[in-house]
Every structure is written in C-alpha cells, then in structure tokens.
Amino acid sequence: MAKLVMIRHGQSEWNAKNLFNGWIDTKLSPLGIEQAKEAGQLLSETGIEFDHAYTSVLTRAIETLDFVLFEIGQMWIPESKSWRLNERNYGALQGLNKADAAKKWGDEQVHQWRRSYDVLPPLMDSYDEEVTVEGETYPSYDRRYADVPEGELPYGESLKVTLERVLPYWNDEISKKLLAGENVLIAAHGNSLRALAKHIEGISDDDIMGLEIANGQPIVYDLDDELKVVSKTILTKD
Ligand SMILES: O=C(O)[C@@H](CO)OP(=O)(O)O
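Source: prediction; values computed, not measured.

Quick notes on the rules
- Residues numbered from 1 in each chain as written.
- Predicted model: local features only at pLDDT ≥ 70, side-chain atom pairs only at ≥ 80, totals over all residues.
- UniProt positions renumbered as here; feature names shortened; annotations may be inferred.
- Helix = DSSP H or I, 4+ residues; strand = E, 2+ residues; numbered from the N terminus.
- Buried ≥ 20, exposed ≤ 12 C-beta atoms within 10 Å, placed from the backbone.
- Contact = placed C-beta atoms within 7 Å.
- Axes fitted to C-alpha atoms, helices over the stretch in contact; angles between N-to-C directions.
- Parallel < 35°, antiparallel > 145°, perpendicular 65-115°, else oblique.
- Nonpolar A, V, L, I, M, F, W, Y, C, P; charged D, E, K, R; others polar.
- Near = placed C-beta within 6 Å.
- Pairing = 2+ DSSP bridges.
- Core = buried A, V, L, I, M, F, W, Y, C linked by C-beta atoms within 7 Å.

Under the UniProt annotation, "active site" (unreviewed entry) lies at His9 and Glu87. A maximum C-alpha distance of 10.4 Å places the annotated residues, which cover 79 residues in sequence, within one compact spot. Within the secondary structure, His9 is located in the loop between β1 (2-8) and α1 (13-16). Note on His9: 33 C-beta atoms within 10 Å, which makes it buried. Discounting residues that sit within four places of it in the chain, His9 has contacts with Leu28, Gly32, Arg60, Ala61, Thr64, Ala187, His189 and Asn215. Position of Glu87 relative to the elements: it lies in the loop between β3 (79-81) and α4 (98-105). The contact partners of Glu87, leaving out residues within four places of it in the chain, are Asn21, Gly22, Trp23, Leu58, His189, Gly190, Asn191 and Ser192.

Looking now at the packing of α4 against helix α5 (residues 107-115). At a minimum axis separation of 6 Å, α4 and α5 run at an interaxial angle of 125 degrees. Here α5 runs oblique to α4, going by the angle between their axes. Every residue of α5 that contacts α4 at Lys98, Ala101, Ala102 and Trp105 is listed here: Asp107, Gln109 and Val110. Here the residues of the contact of α4 with α5 are counted per class, giving 4 nonpolar, 1 polar and 2 charged.

Before going further, it helps to examine the site of the ligand. As a structural note, the neighbourhood of the ligand is formed by Asn15, Phe20, Asn21, Gly22, Glu87, Tyr90, Arg114, Gly190 and Asn191. In terms of residue class, the shell around the ligand is built from 2 nonpolar, 5 polar and 2 charged.

The next point concerns the pairing of strand β6 (residues 184-188). Within β6, 5 of the 5 residues are buried, leaving the element largely enclosed by the surrounding structure. The alternating pattern of β6 places Val184, Ile186 and Ala188 and Leu185 and Ala187 on opposite faces, both of which are buried. Judged from the 5 bridges that link them, β1 and β6 form a sheet pairing that is parallel. Its bridge partner being in β6, Val5 is matched across the sheet by Leu185. Alignment of strand β2 (residues 52-55) against β6, held across 4 bridges, turns out to be parallel. Bridge pairing in β6 places Tyr54 opposite Ile186.

Counting 39 residues, the largest nonpolar core has Met6, Val68, Val184, Ile186 and Ala187 as the members making the most contacts within it. Those elements that place two or more of their residues in this core are β1, α2 (30-44), β2, α3 (59-71), α6 (159-179), β6, α7 (190-201) and β7 (219-223). When sequence neighbours within four positions are dropped, the list of residues in contact with Val184 reads Leu4, Phe50, Asp51, His52, Tyr54, Ile174, Lys177 and Leu178.

What follows is about the pairing of β1. Counting buried residues along β1, 6 of its 7 residues qualify, which places the element largely inside the surrounding structure. Pairing geometry for β1 and β7, over 5 bridges, is antiparallel. Looking at β7, one finds that Lys3 is bridged to Asp222.

In structure tokens:
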C-alpha cells in the first residue's frame, strides 16, 4: 500500500492580498513560510518516508516543498517539477482583486469561475500580456514554459480543463510510482490539487464545488494496489 501526500502551498503574497493568482509567479508571504514549515512539522510526526516529490514550476509551491522536505529531513529525495501541476490558469482574472471582481460581475458569477467544474474564466488575449500590480510587473510567459507542447499553453482554465492537463502527468508519471509501492509527496496549488482529488476520490462534478483545500495542511492518502483510497487524513495543528 502506497502513501500519497498532497500539500497546497502556504499563503502566497497574492493570497494575502486576495488577488487571483493563477499562473502568475508570486512568492510565499511571511505567514505562508510559517504554514509551510508547520506542514513539514506535522508531516514529520507521521514518520512517512518518501521516495519521490513532485511540484509545479511556480515559486510558491517549490518554496513550500523545500520547507517541508527540510522539516522532515528528506531534502535528498528525487524531485520533479512540471507545469502540469501549476495552479489553474485564471486567464484575464489574474492580478484582479476577488472582492472587486465580485462587485463588478456579481458574487454568483465569481463563485462559478472559482468553484464550478466547467465554467471558464474570461480568457487572456496573449502571452505577450504582462500583469502589473502595485507598480510591479509580472510576465505571463517565460522560458520555464518552453517545453509545453505547441497549442497546449492555456489562456484560462476551468477546473475541468485543469484536470485534463494534470491527468497525463498523473497517469504517465505519478501513478506509476505509487503503483510500484513508492510513497509520493506533491506540493502544488488549490485548484490543481482539487482536480487531482476529484480524480483520486471519484468526486462528482457537482460535489467538487464544495471542496476547499487549505494552505499548508497535508492531506495523507493510503492507496490500495489499484490506487483506490483506503483512508484520507488531513493533518492540522488542532
Ligand atoms: O487565486 C488563485 O489562483 C486561487 C488559489 O489561490 O484562487 P481560488 O481559491 O479563488 O481558486
């Protein structure tokens, strides 16, 4: 029986400001760093020995993985990073304040964009666009995406579309490790992990609307030989 642990990154600078973050590369806030360290401390109490760690190509998830691996004394294990584990691309919403968006488009519309399974956010026009917040400019595209196959760069993703780009990585890479009995740690994002949880737990399109994943709380799955969930435990301080 293999163990799979998924951790959403600690609070990002833009989570703290209530901005749509998506693929924009922001760092952990001071609270986010504390949450990442705490996640590692909680995980270290389980004694799980990992064989492989996965993360996205976004700094907030990579930082979280580093803090967690440091806390559990397993910084040496093999790690892989993939754009397929990135946060959902929030398209033209990226950089906007979520409360301002609700005032402009209405609470229900914004809730649909954030939590529905298949409603797309407004799409961005091009990867040449930059997002400027408080005088700081963030590029939409950089060389970390050079290996993304032609035509697969998203311009805005629903959870469904997010799952469709996470799944090939799960099927070709992560699930193979678990099927071989290896213990796997994934540090990623609220929506890439909601998508994976939907797949792993068989959550319906309707019920996935109610699933929230908190920053820095490790989710520990025991999986059987066919990767069916035997148990799920969320580690918290309390
Ligand atoms: O802004 C984002 O990219 C995500 C997660 O931080 O937000 P939401 O929870 O609204 O999907």
